[in-house]
Amino acid sequence: MGNIVYITRRETFAASHRLSKPGLSDEENFKLFGKCSNPNWHGHNYTLEVIVAGEVDSETGFVMDLSELKEIVRTNVISKVDHKNLNLDTDFLKGINPTSENIAVAIWNELNEKITKGKLYSIKLYETENNYFEYKGEKT
Ligand code: NI
């Protein structure tokens, strides 16, 4: 019987965005999304945590090599969001209203199949110090 351990890679990125629904006026969007609907964008300093669960390999003592996880997260996510406009620049967010909920799901979808040792367990996205959003691949 193996031991299951959860390992976390933490990254930060800065990005701009606008929350809006197509077809609504700026005023209507403000009612729905508040300051995040500002027509000329605004930024957040995000923190991302990618958590992988797996059995400890008896040869290496690792679930997976954390430097490999770092590379996967940086190549597939951070390089596409850091200092970018999430509405315009990020391929995996095309056509998606970039709320933190939607960003967390999109990051899960980007990374899930690229984790080959252990299993992607959770994506945590911190929009501010006090608000974070977590996705574990669950569907209704
Ligand atoms: Ni915002």
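Here, every reference points to the structure presented above.
Residues numbered from 1 in each chain as written. Predicted model: local features only at pLDDT ≥ 70, side-chain atom pairs only at ≥ 80, totals over all residues. Heavy atoms only, no water.

S.K.: I'd like a rundown of a nonpolar patch on the surface, residues and numbers included.
M.R.: Residues Ile4, Tyr6 and Tyr121 make up a contiguous nonpolar surface patch of roughly 310 Å² in combined accessible area. Of note, Tyr6 is situated in strand E1 (residues 4-17). (Patch = residues over 30% accessible without salt bridge, like charges linked within 9 Å, V, L, I, M, F, W, Y side chains within 5 Å. Areas by Shrake-Rupley, 256 points an atom, 1.4 Å probe, with all protein chains shown as cover. Salt bridge = Lys/Arg side-chain N within 4 Å of Asp/Glu carboxyl O. Helix = DSSP H or I, 4+ residues; strand = E, 2+ residues; numbered from the N terminus.)

S.K.: If you had to explain the environment of Ile103 to someone new, which residues and values would you point to?
M.R.: Along the polypeptide, Ile103 turns up in helix H3 (residues 100-111). Residue classification places Ile103 among the buried positions, given a relative accessible area of 1%. Aside from chain neighbours lying at most four places away, what touches Ile103 is Tyr46, Leu86, Leu93, Pro98 and Leu125. (Buried < 20%, exposed > 50% of the residue type's maximum accessible area, 1.4 Å probe, protein only. Contact = heavy atoms within 4.5 Å.)

S.K.: Please set out the pattern of salt bridges residue by residue, giving values where relevant.
M.R.: Enumeration over the complete set of coordinates arrives at seven salt bridges. Where Arg10 meets Glu49, a salt bridge forms, and the shortest distance between an N and an O atom there is 3.7 Å. In this pair, Arg10 sits in strand E1 while Glu49 sits in strand E2 (residues 42-55), placing the two residues 39 residues apart along the sequence. On the basis of relative accessible area, Glu49 is assigned to the buried category, the value being 13%. The partner of Glu11 in a salt bridge is Arg74, and the shortest N-O contact between them spans 3.1 Å. Here the residue Glu11 occupies a position in strand E1, and Arg74 occupies one in helix H2 (residues 66-81), the gap between them amounting to 63 residues. Overall, Arg74 belongs to the partly exposed group, its relative accessible area being 36%. Overlapping salt bridges bring together Arg9, Glu11 and Arg74 as one network.

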